[in-house]
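Chain residues, written in single-letter form:
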Amino acid sequence: MVMEKIDFAKAKKIALTKGLKPGKVKGTEGVQFTKGSNNRLDVISWEEFEAALSKRGLAIYESGGWMKIMKA
């Protein structure tokens, strides 16, 4: 499976289509997509999510509709 880096707008569109929200792992700087029902995650704004990715040097990669957050 080849993962291709995608821009934030495309990632947000895919996430919204799949019912995913931006999340932050409680007590850490970790971020990930969530459906909002995980007690270990706080749902955050898209702006906070994008800022956290940028601050940590992370990017969103996609393959076949699957997204993964990795080092840019």
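Calculation notes
- Residues numbered from 1 in each chain as written.
- Predicted model: local features only at pLDDT ≥ 70, side-chain atom pairs only at ≥ 80, totals over all residues.
- Heavy atoms only, no water.
- Buried < 20%, exposed > 50% of the residue type's maximum accessible area, 1.4 Å probe, protein only.
- Helix = DSSP H or I, 4+ residues; strand = E, 2+ residues; numbered from the N terminus.
- Arc of directions from axis to C-beta.
- Contact = heavy atoms within 4.5 Å.
- Polar contact = N/O pair within 3.5 Å; in protein donor to acceptor, adjacent residues only side chain to side chain.
- Phe/Tyr/Trp six-rings, centres within 6.5 Å; stacked < 30°, edge-to-face > 60°.
- Lys NZ or Arg CZ within 6 Å of the ring centre and 35° of its normal.
- Pairing = 2+ DSSP bridges.
- Core = buried A, V, L, I, M, F, W, Y, C linked by side-chain atoms within 4.5 Å.

Looking at this structure, I do not really get helix α2 (residues 46-56). What am I missing?
Because each turn of an α-helix spans 3.6 residues, side chains separated by three or four positions in sequence point in the same direction. Within the span of α2, buried status applies to Trp46, Phe49, Ala52 and Leu53. One side of α2 holds all its buried residues, which, seen down the axis, span an arc of 125°. Relative to its buried face, α2 has exposed residues pointing more than 90 degrees away, namely Glu47, Ser54 and Lys55. Close packing links the buried residues of α2 with α1 (8-17), β2 (21-25), β3 (31-34), β5 (58-63) and β6 (66-71). At the C-terminal side of α2, Gly57 shows a positive phi close to 70°.

Is there a simple way to explain the side chain of Glu62 in this structure?
Here Glu62 is to be found in strand β5. Here Gly65 takes part through its backbone nitrogen, which lies 2.7 Å from a polar atom of the side chain of Glu62. For Glu62, the residues in contact, after removing those within four places along its chain, are Val2, Met3, Glu4, Ile6, Lys10, Ile14 and Met67.

Where do I start with the packing of aromatic side chains in this structure?
To describe a pair of aromatic rings, you give the distance between the ring centres and the angle between the ring planes. Taken as a whole, this structure holds 5 aromatic pairs when the rule is applied. Seen from their ring centres, Phe8 and Phe49 are 6.3 Å apart, and the 45° between their planes marks the pair as tilted. Here the residue Phe8 occupies a position in helix α1, and Phe49 occupies one in helix α2, the gap between them amounting to 41 residues. With relative accessibility at 16%, the residue Phe8 sits in the buried group. Just above the ring of Trp66 sits the side chain of Lys18; from NZ or CZ to the centre is 5.7 Å.

Explain the pairing of β6 to me, please; I cannot follow it from the model alone.
Regular strands place their side chains on alternate faces of the sheet. Inspection of the sheet shows β5 paired to β6 by 6 bridges, in the antiparallel sense. The residue bridging Ala59 from the neighbouring strand is Met70, located in β6. Turn length for the β5-β6 hairpin, with the two strands adjacent in sequence and antiparallel, is 2 residues, and the turn residue Gly64 shows positive phi of about 60°.

Before we go on, may I ask you to explain the nonpolar core in this structure?
It is characteristic of soluble globular proteins that their nonpolar side chains tend to be buried jointly. Within the largest apolar cluster, 16 residues are counted, with the highest numbers of intra-cluster contacts made by Phe33, Phe49, Leu53, Ile60 and Met67. Put simply, the parts of the chain that give this core at least two residues each are α1, β3, α2 and β5. If we ignore the near neighbours within four places in the chain, the residues touching Leu53 are Phe8, Val31, Leu58, Ile60 and Ile69.

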